[in-house]
There are 2 protein chains.
Amino acid sequence: MTSPAVVDLLGLLAYGELASFGHMAADAQNAPSLYDKAQMSKFATVEHDNYNSICARLTALGVDPITAMQPFSTALDAYHAQLIPSNWLEGLVKSYIGEGIAADFYREVSKYLDKETAELVEEVLTDRGLADFAIERIRQACDGDSVTAGRLALWGRRMMGEMIAQAGQVATHRNALAELFISSEPNELSAEDVTGLVNRLTVGHARRMDVLGFAS
Amino acid sequence: MTSPAVVDLLGLLAYGELASFGHMAADAQNAPSLYDKAQMSKFATVEHDNYNSICARLTALGVDPITAMQPFSTALDAYHAQLIPSNWLEGLVKSYIGEGIAADFYREVSKYLDKETAELVEEVLTDRGLADFAIERIRQACDGDSVTAGRLALWGRRMMGEMIAQAGQVATHRNALAELFISSEPNELSAEDVTGLVNRLTVGHARRMDVLGFAS
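One structure accompanies this document, and this report is about it. (Residues numbered from 1 in each chain as written. Chains lettered and ligands numbered in written order. Predicted model: local features only at pLDDT ≥ 70, side-chain atom pairs only at ≥ 80, totals over all residues. Heavy atoms only, no water.)

1. Considerations on the overall build of chain A
Operational definition: Only DSSP runs of H or I with at least four residues qualify as helices, and only runs of E with at least two residues qualify as strands; both kinds are numbered from the N terminus onward. For this measure, only C-alpha atoms enter the radius of gyration; the expected value for a globule follows 2.2 Å times N^0.38, where N is the number of residues. Only protein chains enter the calculation, and the probe is 1.4 Å; a residue is then buried if its accessible area is under 20% of its type maximum, exposed if over 50%, and partly exposed in between. Contact between two residues is taken to exist if any of their heavy atoms lie within 4.5 Å; hydrogens are not considered. Neither His nor the chain ends is counted toward charge; the positive residues are Lys and Arg and the negative residues Asp and Glu. To locate a charge, the coordinates of NZ of Lys, CZ of Arg, CG of Asp or CD of Glu are taken.
Within chain A one finds 9 helices and 0 strands. Going residue by residue from the N terminus, the α and β elements of chain A occur as α-α-α-α-α-α-α-α-α. Relative to the compact-globule value of 17 Å for 216 residues, chain A shows a C-alpha radius of gyration of 17 Å, a close match. Principal-axis analysis of the C-alpha atoms places the extent of chain A at approximately 55 × 35 × 25 Å. Taken over 216 residues, chain A has a buried fraction of 56%. Taking the contacts inside chain A whose residues are at least 6 apart along the sequence as the reference set, 79% of them involve residues at least 24 apart. The positive charge centre, built from 17 side chains, and the negative charge centre, built from 29, are 5 Å apart in chain A.

2. Regarding the relation of the copies chain B and chain A
For clarity, the threshold we go by: Our superposition of the copies is a least-squares fit, built on the C-alpha atoms of residues whose pLDDT is at least 70 in both.
Least-squares fitting of chain B to chain A yields an RMSD of 0.0 Å, with the transformation described by 0.0 Å of translation along the axis and a rotation of 180°. Considering both components of the superposition, the chain copies are consistent with a two-fold axis. Here 100% of the interface residues in chain B have copies in chain A that are interface residues too; the copies meet face to matching face.

3. A word on helix α3 (residues 65–82) of chain A
Residues and elements named next belong to chain A. Put simply, the rule is: The span you would expect from a helix comes to 1.5 Å times its residue count less one. The bend reported for a residue corresponds to the angle between axes fitted to the seven residues ending at that residue and the seven starting there.
Between its terminal C-alpha atoms α3 stretches 25 Å, which fits the 26 Å expected from 18 residues at 1.5 Å a residue. In α3, a bend of some 50° at F72 exceeds every other bend along the element. Among the residues making up α3, those that are buried are P65, I66, A68, M69, F72, S73, A75, L76, Y79 and H80.

4. Some words on the interface of chain B and chain A
Put simply, the rule is: In short, buried area is how much 1.4 Å probe accessible area vanishes from two parts on joining, totalled over both. Whenever Lys or Arg places a side-chain nitrogen within 4 Å of a carboxyl oxygen from Asp or Glu, that contact is recorded as a salt bridge. Counting of polar contacts relies on pairs of N or O atoms within 3.5 Å, with two restrictions inside protein: one atom must be capable of donating a hydrogen and the other of accepting it, and residues adjacent in sequence are counted only when both atoms are side-chain atoms. In this count, Pro and Cys sit with the nonpolar residues alongside Ala, Val, Leu, Ile, Met, Phe, Trp and Tyr, while Asp, Glu, Lys and Arg are called charged and the others, Gly among them, polar.
Contacts between the two partners involve 21 residues from chain B, matched on the other side by 21 residues from chain A. Taking both partners together, chain B and chain A bury about 1,700 Å²; carbon and sulfur atoms supply 74% of that area. It is F21, L34 and I66 of chain B that lose the most area in chain B upon contact with chain A, and together they represent 29% of the buried surface on that side. Scanning the region where chain B abuts chain A turns up 2 salt bridges. A salt bridge links K37 of chain A to D77 of chain B, with the nearest nitrogen and oxygen atoms 3.7 Å apart. At the boundary of chain B and chain A, one finds 2 residue pairs in polar contact (both at pLDDT 80 or more). For the side of chain B that touches chain A, the secondary structure elements donating two or more residues are α1 (4–28), α2 (34–60) and α3 (65–82) of chain B. Ranked by the residues each element gives to the side of chain B that touches chain A, the list is headed by α2 of chain B, at 10 residues. Each residue belonging to the side of chain B that touches chain A can be placed in one class, and the counts come to 11 nonpolar, 7 polar and 3 charged.

5. Things to note about the packing of aromatic side chains
All names here are of chain A. What counts is decided by this rule: The rule is short: rings of Phe, Tyr and Trp, with Trp giving its six-membered ring, pair when the centres are within 6.5 Å, and they are stacked under 30 degrees, edge-to-face over 60, tilted in between.
Enumeration over the complete set of coordinates arrives at 7 aromatic pairs over all chains. When the centroid spacing of 6.2 Å and the interplanar angle of 80° are considered together, the rings of W88 and F133 count as edge-to-face. With W88 in helix α4 (residues 88–109) and F133 in helix α6 (residues 130–142), the pair connects residues that are 45 residues apart, well separated along the chain. With a centroid separation of 5.1 Å and an interplanar angle of 90°, the aromatic rings of F105 and Y106 are classed as edge-to-face. Judged by relative accessible area, which is 15%, F105 ranks as buried. Cluster of aromatic residues (ring-pair linked, three or more members): F43, W88 and F133.

6. A closer look at the nonpolar core
Definition in use: In this description, a nonpolar core means a group of buried Ala, Val, Leu, Ile, Met, Phe, Trp, Tyr and Cys residues linked to one another through side-chain atoms lying within 4.5 Å.
F214 of chain A together with F214 of chain B are the most contacted members of the largest nonpolar core, which has 142 residues in total. Those residues in contact with F214 of chain B that sit more than four places away from it in its chain are V93, I138, C142, A149, L152, A153 and M209 of chain B.

7. Some points on the pattern of salt bridges
Tallying each qualifying case throughout the model produces 20 salt bridges over all chains. Notably, a salt bridge pairs R208 of chain B with D104 of chain B, separated by 3.2 Å at the nearest N-O pair. Remark: D104 of chain B occurs in helix α4 (residues 88–109) and R208 of chain B occurs in helix α9 (residues 191–211); sequence separation between them is 104 residues. Owing to a relative accessible area of 18%, D104 of chain B belongs among the buried residues under this scheme. K115 of chain B is the partner of E119 of chain B in a salt bridge, and the nearest nitrogen-oxygen pair spans 3.1 Å. Here E119 of chain B and its partner K115 of chain B are both found in helix α5 (residues 115–125), 4 residues apart, which amounts to about one turn of the helix. Taking relative accessible area as the criterion, E119 of chain B reaches 44% and is therefore assigned partly exposed. Among the charged side chains, a network of salt bridges with common partners joins D36, E136 and R137 of chain A.

8. Considering the packing of α1 of chain B against α2 of chain B
How two helices pack is summed up by the angle between their axes together with the distance between the axes. Residues and elements named next belong to chain B. Heads up, the rule is: To get an axis, fit a line to the C-alpha atoms, keeping to the stretch in contact for a helix; angles then go from 0 to 180 degrees between the N-to-C directions. Orientation labels follow simple angle bins: below 35 degrees gives roughly parallel, above 145 gives roughly antiparallel, 65 to 115 gives roughly perpendicular, and whatever is left gives oblique. In this scheme the handedness of a crossing depends on how the near helix is turned from the far one: anticlockwise by less than a right angle means left-handed, clockwise means right-handed.
At their nearest, the axes of α1 and α2 sit 8 Å apart, and the two run at 160° to each other. As the angle between them shows, α1 and α2 are arranged roughly antiparallel. Where α1 crosses over α2, the handedness of that crossing is left-handed. Of the residues contributing to the contact of α1 with α2, the split by class is 15 nonpolar, 6 polar and 5 charged.

So, in structure tokens, the structure goes:
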């Protein structure tokens, strides 16, 4: 019997990949060149490949992927609705920063997963070139253009806040998930553990903002 | 040496698949259920798989796919810009009708292609379930709802006009392509042949409108 928390984590991750697929495919339409459009479209399909792998794992565990994803669609849709990129560069920042926070979060929780699930999660989190692509394009656009850099930095800072807001929503409604990684005591959320997790994610976020040349 | 017309046909088809991928992935975000969103996202990735196959063929022919696609991006982007679905059902009608017209067009020109290219085109045109999915959803939504049916029929009728308008643009600017399928005489466009092609495409379009329960 698979723990409800593992099913939740896989459901959340599956929907996250499906949503990222759709948003990255839409972002690709804002690309300034056919080459960049093709590249971003390819990165979007990587998200869908990941989604397929997670669905296959859920099915193997005897869980319907749609049922597993359903509880997380509202929170993730709200996250994306708050952060619709208005141009190509905002889309790149969103993908790079968002994928980074998600990867950090899943690496935090991987220690609570069984070996096979943890390996799948690690596989799915592996960057397939999106980070380098985004970093190069963003740095290039910001080079000598402090207005663009300032706007994108502000946009990048918003991501972390929106993610924490939605994570709070999810944690409130999915006890199994919250308990898995925040407290070793069932039915008890430790405030220190929440603070510790958020702090670690914030450090990772600040590092990525720094890579882009932004103050976080 | 591959004929410029074959390179044009593959470039047009490749960009068509890439554009459809992006638009279908965006349409998926309007789905009324998670199941439908997952289905439409999957259909979008089929377009991207097709795009990959055509790019591989272009590369094998010694042609850079980006270079081959470039001449057609303006016309195809204009087509899509004129036909941004405002809801899920319009997206479904657009995909079903648009894919159908494109498939009819490519089946018309396949006879001018070398065997290997023609087989690839046939493979790429094979419906992977999108048609049945779209037909079922559209019929269901229109059943007993003449307002929705009327609006979608109007929307479906617009597609053919927009396609012909953009095809005219392409034919004007790409002589090699126009000559391939419209006239057996080089450098000479036969008005009868143009009319014949459009008539045959219109018949196919009317048949699909009929399948949806719409008067064309």
